[in-house]
Amino acid sequence: MRKYIAAIYLLLFTAGTSFAQSDSGVEMADGMRSSGKIYVVVAVIVLILLALIAYLFSIDRKVKKLEQKN
Amino acid sequence: MKENWWKILASVLVLYSAIAGFLGEVPQLPILHESIRNLYFHVPMWFSMVILYLISVIYSVKYLSSGNENHDLKSVEYVNAGVVFGFLGLATGMIWGNYTWGSPWPNDPKMNSSAISTLMYLAYIVLRNSLEEEQKRAKISAVYNIFAFPIMIVLLFILPRMTDSLHPGNGGNPGFSSYDLDSRMRGVFYPACLGWILLGVWIADLQFRIRKLQNKQLN
């Protein structure tokens, strides 16, 4: 268990950061957005959320069935 | 389906906050850069936690005046769901803090007091589990809950404001409202908060109904 926690900690806190400044002063992820690849990330997150919400709805339905039986 | 409208609303709002949270325009700020988008995900965790604890304390008061067992069960399950949101808030705050403040735990007063308040609610769960007799357990934990809630509010929203804190809106720091929570961000931030609160209420409600069924089978 401790190994997993250590691994997760490393994953979360050791990702590289770059400090290259663009001309406009504040650096934003404009490159990522102009290439359009950000939509891939949004699609993945929406899919995960949709699946979790569908799962919640199915649990809700099961509980309702049990309530009606009792 | 008619009584489920708020569950659908919760799903739609959370999905909307994920899509608009990534694709919407955000103010360009130094140090924060794109991580300002965490506002849509980290802060709603805390708001949901506070609302879930508030609902729990209302049911605790109701239990003390009515003695209805269901009120007691509701107040426990709302705390259980609230603790999950509290831990999510702490963990997401540690990730965000690591990249903007330089450390996952910079001993910020708001962080320390949110950790204390989470421990306080863990103590509530331990207290409940240590009591065998049902009525006694319900009564003692309801009283504890009523005391814990105002302490949590003081720890999270009053004490950090009286000292120096890294969090916006505390200790002379300007709040998000004054410099960068502009109308574009409000349009995502408020729906995100409402969506996550409703989702938390939904999960707590499911847990309560399952607990009720279990109790019925035992008796």
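Keep in mind that what you see is a predicted model, and the values were worked out from it rather than measured. (Residues numbered from 1 in each chain as written. Chains lettered and ligands numbered in written order. Predicted model: local features only at pLDDT ≥ 70, side-chain atom pairs only at ≥ 80, totals over all residues. Heavy atoms only, no water.)

**Considering the overall build of chain B**
The secondary structure content of chain B amounts to seven helices and zero strands. Order of helices (α) and strands (β) in chain B, N terminus to C terminus: α-α-α-α-α-α-α. The C-alpha atoms of chain B give 19 Å as radius of gyration, which agrees with the globular expectation for 219 residues (17 Å, within 12%). Summarising its shape, the C-alpha atoms of chain B cover approximately 60 × 45 × 25 Å along the three principal directions. For chain B, the residues scored as buried account for 50% of the 219 residues in total. (Helix = DSSP H or I, 4+ residues; strand = E, 2+ residues; numbered from the N terminus. Rg over C-alpha atoms; globule rule 2.2 N^0.38 Å. Buried < 20%, exposed > 50% of the residue type's maximum accessible area, 1.4 Å probe, protein only.)

**Observations regarding the confidence of the model for chain A**
Residue and element names in this part refer to chain A. Residue-level pLDDT values for chain A average 74, and 63% of them are 70 or greater. Element-level pLDDT for chain A is lowest in helix H1 (residues 2-13), with a mean of 64, against a maximum mean of 91 in helix H3 (residues 38-69). Here residues 15-23 is a poorly scored stretch, pLDDT under 50, and it has eight contacts once near neighbours within four places are set aside; other chains count. (pLDDT = per-residue confidence, 0-100. Contact = heavy atoms within 4.5 Å.)

**What to know about a nonpolar patch on the surface**
Together, Val40(A), Val41(A), Val44(A), Ile48(A), Leu52(A) and Tyr55(A) make up an exposed nonpolar region whose accessible area comes to about 540 Å². Along the chain, the position of Val41(A) falls in helix H3. (Patch = residues over 30% accessible without salt bridge, like charges linked within 9 Å, V, L, I, M, F, W, Y side chains within 5 Å. Areas by Shrake-Rupley, 256 points an atom, 1.4 Å probe, with all protein chains shown as cover. Salt bridge = Lys/Arg side-chain N within 4 Å of Asp/Glu carboxyl O.)

**Remarks on helix H1 (residues 5-23) of chain B**
Residue pairs spaced three or four apart in an α-helix point in one direction, given the helix's 3.6 residues per turn. Here H1(B) is 19 residues long and its end C-alpha atoms lie 27 Å apart, about the 27 Å a rise of 1.5 Å per residue gives. Restricting attention to buried positions, one finds in H1(B) the residues Trp6(B), Lys7(B), Ala10(B), Ser11(B), Leu13(B), Val14(B), Leu15(B), Ser17(B), Ala18(B), Ala20(B), Gly21(B) and Phe22(B). (Expected span 1.5 Å × (residues − 1).)

**Some remarks on the environment of Asn68(B)**
Residue and element names in this part refer to chain B. Secondary-structure assignment places Asn68 in the loop between helix H2 (39-66) and helix H3 (69-100). Asn68 sits in the partly exposed class, given a relative accessible area of 32%. A C-alpha to C-alpha distance of 42 Å links Asn68 and Asn107, two positions 39 residues apart in sequence.

**Describing the interface of chain B and chain A**
On the chain A side, the residues contacting the 33 residues of chain B number 30 residues. In total, about 2,900 Å² of surface goes out of reach between chain B and chain A, with carbon and sulfur atoms giving 72% of it. Inspection of the region where chain B meets chain A yields four salt bridges. Linking Arg209(B) and Glu67(A) is a salt bridge whose minimum nitrogen-to-oxygen distance equals 3.1 Å. Taken together, chain B and chain A are joined by four residue pairs in polar contact (both at pLDDT 80 or more). Counting only elements with at least two residues in the side of chain B that touches chain A, the list comes to H1, H3 and helix H7 (183-218) of chain B. (Buried area = accessible area lost by both parts, 1.4 Å probe. Polar contact = N/O pair within 3.5 Å; in protein donor to acceptor, adjacent residues only side chain to side chain.)

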